[in-house]
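A closer look at the structure
If you want the building blocks of each chain, they are given just below.
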Amino acid sequence: MKPRDFDLPDADVAWCPGCGNLSILRSLKATLAELEIQPENLVFVSGIGQAGKLPHYIKGNVFNGLHGRSLSPATAIKAANPDLIVIDVSGDGCMYGEGGNHFMHTIRRNPDITNLVHNNMVYGLTKGQASPTSQRDFNTPLQVDGVFLEPFNPLAVAIALDASFVARAFSGDRKQSIEIFKAAINHKGYALVDIFQPCVSFNKVNTRDWFREHTYYLEDDHDPQDRNLAFQRATETGEYPLGIFYQNPDKSTFEENLTVYRDEKTPLYQRKLDKDKLRALVESKR
Ligand SMILES: Cc1ncc(C[n+]2csc(CCOP(=O)(O)OP(=O)(O)O)c2C)c(N)n1
Ligand code: SF4
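Residues numbered from 1 in each chain as written. Chains lettered and ligands numbered in written order. Predicted model: local features only at pLDDT ≥ 70, side-chain atom pairs only at ≥ 80, totals over all residues. Heavy atoms only, no water.

Focus on the sheet that holds strand E5 (residues 165–170)
Selection criterion: Strands are treated as partners if at least two bridges between them are detected by DSSP. Per the convention used, a helix needs a DSSP run of H or I reaching at least four residues, while a strand needs a run of E reaching at least two, with both numbered from the N terminus. In this description, a line fitted to the C-alpha atoms serves as the axis of each element, helices being fitted only across the stretch in contact, and the angle between N-to-C directions of two axes falls anywhere from 0 to 180 degrees. Any two residues having at least one pair of non-hydrogen atoms within 4.5 Å are treated as being in contact.
Judged by pairing direction, the sheet is mixed, and its 8 strands sit side by side in the order E2-E1-E3-E4-E6-E5-E8-E7 without closing on themselves. Each edge of the open sheet carries a strand with a single partner, namely strand E2 (61–64) and strand E7 (215–217). Ignoring which end each strand starts from, the neighbouring axes of this sheet average 25° apart. Of the pairings in the sheet, the one linking E7 to strand E8 (residues 240–247) comprises 3 bridges and is parallel in character. The residue bridging Thr215 from the neighbouring strand is Tyr240, located in E8. Together, strand E1 (42–46), E2, strand E3 (85–91) and strand E4 (114–119) form the strand contacts of helix H2 (residues 71–80), whose direction differs from that of E3 by roughly 180°.

What follows is the structure, given as structure tokens:
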């Protein structure tokens, strides 16, 4: 397959020229082509924001819902049909702000989905307010004296909750991003990829050059199964590591734990609804 197999020729891409989202889109198409995933087997789920528009620009099935609420439909879609590849696409505000509670509990549930979070450290769509990952002293039209809160650390939180796959990528490095995306999609269980992404219009501090100068890749001998070490690496600031921090291949997934799949593997959506049983259940609760 080729990346262009995922093109939508009539899509009207509304991102600014130079936006890191464009590189993420390109890397994702290349990843899916390399993995030979057919568009009909893919479901992209997103909330609201610039990042949340990505599914409108790539071939596949889409559920575009409420701001911060994408992980619940993503979990449900995977539970209804475990044969699908489900990719949740969010921004840092969408996932770690409005969606923070969903983020935490989805990690606990561990559905076999991939969660790509475009982290531009700002609210892009609503024109530049601070997000949970904005750095201290970042000035915005609302935070005129600069942000005085500590930034939220998604990787450390995810590792603390024993998320089964935790990685960080940089949109400007396509080759490495593709490798990280491939590992995340191939991973069985919830996979978080926080992606540093420049917003050229509303974040003039954390620019493409800034991300280049303030990031480096984890060493080749980094052991992603060492959770304590992964946590320690995730708390590094100043210079931010990129790569796969943590992976726990032994956790069972949300779908595997559902009793409906214990004796019968047929996806839920293919099963016949027994209306008599449903009626009896409803009646029993009256
Ligand atoms: C519950 C709710 N709160 C706020 C908004 C307004 N809103 C829409 S997009 C957005 C910010 C998006 O920022 P982010 O998630 O970081 O994504 P980006 O646009 O930067 O990719 C906000 C606050 C909303 N639509 N719904
Ligand atoms: S506002 Fe920022 S995040 Fe949105 S399209 Fe423009 S550069 Fe990208």
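Having seen the model, we can carry on.
Re a nonpolar patch on the surface
Worth spelling out the cut-off: Residues enter patches when they are more than 30% accessible in relative terms and free of salt bridges; like-charged ones are connected within 9 Å and nonpolar ones (Val, Leu, Ile, Met, Phe, Trp, Tyr) within 5 Å. Accessibility throughout is a Shrake-Rupley quantity obtained with a 1.4 Å probe, and a residue counts as covered only by protein chains that appear here. Salt-bridge detection follows one rule: a side-chain nitrogen of Lys or Arg within 4 Å of a carboxyl oxygen of Asp or Glu.
The grouping of Leu273, Leu278, Leu281 and Val282 at the surface amounts to a nonpolar patch, some 380 Å² of accessible area in total. Secondary-structure assignment places Leu273 in the loop between helix H9 (254–257) and helix H10 (275–284).

Some points on the site of ligand 2
The following threshold applies: It suffices for a single heavy atom of a residue to lie within 4 Å of a molecule or strand for the residue to be listed as near it. Throughout this entry, Asp, Glu, Lys and Arg are counted as charged residues, while Ala, Val, Leu, Ile, Met, Phe, Trp, Tyr, Cys and Pro are counted as nonpolar. The remaining residues, Gly among them, count as polar.
Taken together, Trp15, Cys16, Cys19, Asn21, Gln50, Asn120, Gln197, Cys199, Val200, Ser201 and Phe202 form the complete shell of residues around ligand 2. Per-class residue counts for the shell around ligand 2 are 6 nonpolar, 5 polar and no charged.

Some remarks on the side chain of Asn21
Which entries qualify depends on this criterion: N or O atoms closer than or at 3.5 Å make up a polar contact, with two conditions inside protein: a donor-capable atom paired with an acceptor-capable one, and, for residues adjacent in sequence, both atoms drawn from side chains.
The topology assignment puts Asn21 in helix H1 (residues 20–34). Within the local environment of Asn21, its side chain forms a polar contact with the side chain of Gln197, the two groups lying 3.5 Å apart. Every residue in contact with Asn21, bar those within four places of it in the chain, is listed here: Trp15, Gln50, Ala51, His118 and Gln197.

Some thoughts on the site of ligand 1
Taken together, 16 residues sit near ligand 1, with Gln50, Gly93, Cys94, Gly124 and Leu125 positioned nearest. One nitrogen or oxygen atom from the main chain of Gln50 is found 2.8 Å from an oxygen atom belonging to ligand 1. At 2.9 Å from an oxygen atom of ligand 1 is found a main-chain nitrogen or oxygen belonging to Leu125. For ligand 1, whose unbound accessible area comes to 590 Å², protein coverage reaches 74%. If one sorts the elements of the shell around ligand 1 by residue count, helix H3 (residues 92–98) sits on top with 4 residues. Split by residue class, the shell around ligand 1 holds 6 nonpolar, 8 polar and 2 charged.

A short note on H1
Keep this limit in mind: One less than the number of residues in a helix, times 1.5 Å, gives the span that helix is expected to have. Exposure classes here rest on a 1.4 Å probe applied to the protein chains alone. A residue is buried below 20% of its type maximum, exposed above 50%, and partly exposed in between.
A rise of 1.5 Å per residue sets the reference length of H1, with its 15 residues, at 21 Å; its end C-alpha atoms lie 21 Å apart and thus fit the reference within 8%. With 12 of 15 residues buried, H1 is to be regarded as a mostly interior element. For H1, the complete set of buried residues consists of Gly20, Asn21, Ser23, Ile24, Leu25, Ser27, Leu28, Lys29, Ala30, Thr31, Leu32 and Ala33. On the buried face of H1, the contacting elements are E1, E3, E4, helix H6 (174–186) and strand E6 (191–196).

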